[in-house]
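Observations on the three-dimensional arrangement
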Amino acid sequence: MTRILVLGGTTEASALAKALADRGADAVFSYAGRTRSPVAQPLPTRIGGFGGVDGLVAFLKRESITKVVDATHPFAAQMSSNTVAACHKVGVELRGFERAPWKAGIGDRWTDVSDISGAVAALPKAVSRVFLAIGKQNLSAFSVAPQHRYLLRLVDAPTTDLPLPNCEVVVDRGPFTMSSDKALLSRHKTQIIVSKNAGGSGARAKLDVARELGIEVIMIARPKVPSRMILGDLDQVLHWLGHSADLGV
Ligand code: 3Y8
Ligand code: NAP
């Protein structure tokens, strides 16, 4: 009997949740609880951390989970690392469900950096109009460069002061579109975009607009996570979980 844990928070995780629900699979979906009102999923959903590796081990045992799909964001390195350790301890099968990194194409003006501090260092000294398309958790790193005119895009309206004196906040959750991102970047007169190499389609629009408008992009490489087998598309994941006839029986 296959009982599945889906670690979510991405477009891919939501697509998998729908496919599993349509097939009547015995599965549970998991959010960290980072946002105030996450998109509802068509699977039983738990919200909040597990309590480190030991907490996840206890959850896997208590819930008799037999397969885990880590469909978290490529920058959710701690969750992915904990999942590798916990699945190994309990002897539960694990696959990562992850989109490929974006690659610069013709006309792109990308500067590749290895992490957030590399992105800060790559900014010019001269006052620039910078779209920090990296959410909320890493904003304080940019407080060493307060001179810029920042544009921030957050999932939830901030409840505390932001660490940047000159910043404009847009509250929006993706997936984003070319037309809305083009309007946003044109209005802000963005000169530089700082982006994580998330991959996938949900946050891609800003990069296509950057190419069209000749905007520079500082692209942050993905953090390292312990190796696990990665599946790149939904069909592969569903196949690994057993075709529809095996699900839910
Ligand atoms: C809580 C669940 C779906 C999933 C949608 C994807 C696409 C839209 C693009 C920009 C970049 C950013 C951010 C982003 C994207 C998808 C996907 C994706 C980037 C939600 C969600 C949760 C989160 C957490 C949130 C982080 C933040 C990062 C915003 C829901 C909407 C910037 C990543 O306020 C905070 O603390 C936000 C934290 C982690 C990164 C950060 O450091 O701030 N995602 N995003 C998940 C949980 O609790 O487990 O609220 O509905 C999910 C999505 N965000 O179902 O369609 O697949 O990537 N998310 C980045 O790429 O840099 C926005 O603005 O251009
Ligand atoms: P992270 O730094 O890798 O994880 C920090 C802790 O958050 C984990 O150790 C775990 O707590 C908890 N956690 C993370 N994801 C969880 C999940 N899906 N279910 C239950 N607990 C979870 O994680 P993050 O980068 O903050 O990402 C948090 C969530 O936002 C994930 O769902 C991720 O897919 C989504 N997201 C992140 C980004 C990003 O840029 N980082 C972008 C888009 C979406 P315990 O140790 O207590 O178990």
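The structure presented is a predicted model; accordingly, all values stated were derived computationally and were not measured.

1. A few points about the site of ligand 1
Taken together, 30 residues surround ligand 1, and among them S14, A32, T35, K136 and R173 come closest. R34 is positioned such that a nitrogen or oxygen atom in its backbone is 2.8 Å from an oxygen atom of ligand 1. Within the side chain of T35, a nitrogen or oxygen atom sits 2.7 Å from an oxygen atom of ligand 1. A total of 1,100 Å² of accessible area belongs to ligand 1 in isolation, and the protein chains cover 92% of it.

2. Considerations on the side chain of R95
With respect to the element layout, R95 can be found in strand β5 (residues 93-97). When residues no more than four places from it in sequence are discounted, the contact partners of R95 are V68, V69, D70, M229, L231 and W240.

3. Quick word on the sheet that holds strand β9 (residues 167-171)
Either a parallel or an antiparallel arrangement is found when strands of a sheet pair, and the pairing is made through backbone hydrogen bonds. Spatial ordering of the open sheet is given by β6-β11-β10-β7-β8-β9, a layout of six strands whose pairing is parallel. The sheet is open, and its two borders are formed by β6 (109-113) and β9, each paired with just one other strand. Pairwise comparison of adjacent strand axes, ignoring direction, gives a mean angle of 20° for this sheet. Note that strand β8 (residues 149-154) and β9 share five bridges and pair parallel. Along β9, the bridge assignment pairs R153 with V170. Strands β7 (129-133), β8, β9 and β10 (192-196) of the sheet are contacted by helix α5 (residues 178-188), whose axis makes an angle of about 155° with β8. With respect to the sheet, helix α6 (residues 205-213) is in contact with β6, β7, β8, β10 and β11 (216-220), its orientation differing from that of β10 by roughly 150°.

Parameters at a glance
- Residues numbered from 1 in each chain as written.
- Chains lettered and ligands numbered in written order.
- Predicted model: local features only at pLDDT ≥ 70, side-chain atom pairs only at ≥ 80, totals over all residues.
- Heavy atoms only, no water.
- Near = heavy atom within 4 Å.
- Polar contact = N/O pair within 3.5 Å; in protein donor to acceptor, adjacent residues only side chain to side chain.
- Areas by Shrake-Rupley, 256 points an atom, 1.4 Å probe, with all protein chains shown as cover.
- Helix = DSSP H or I, 4+ residues; strand = E, 2+ residues; numbered from the N terminus.
- Contact = heavy atoms within 4.5 Å.
- Pairing = 2+ DSSP bridges.
- Axes fitted to C-alpha atoms, helices over the stretch in contact; angles between N-to-C directions.

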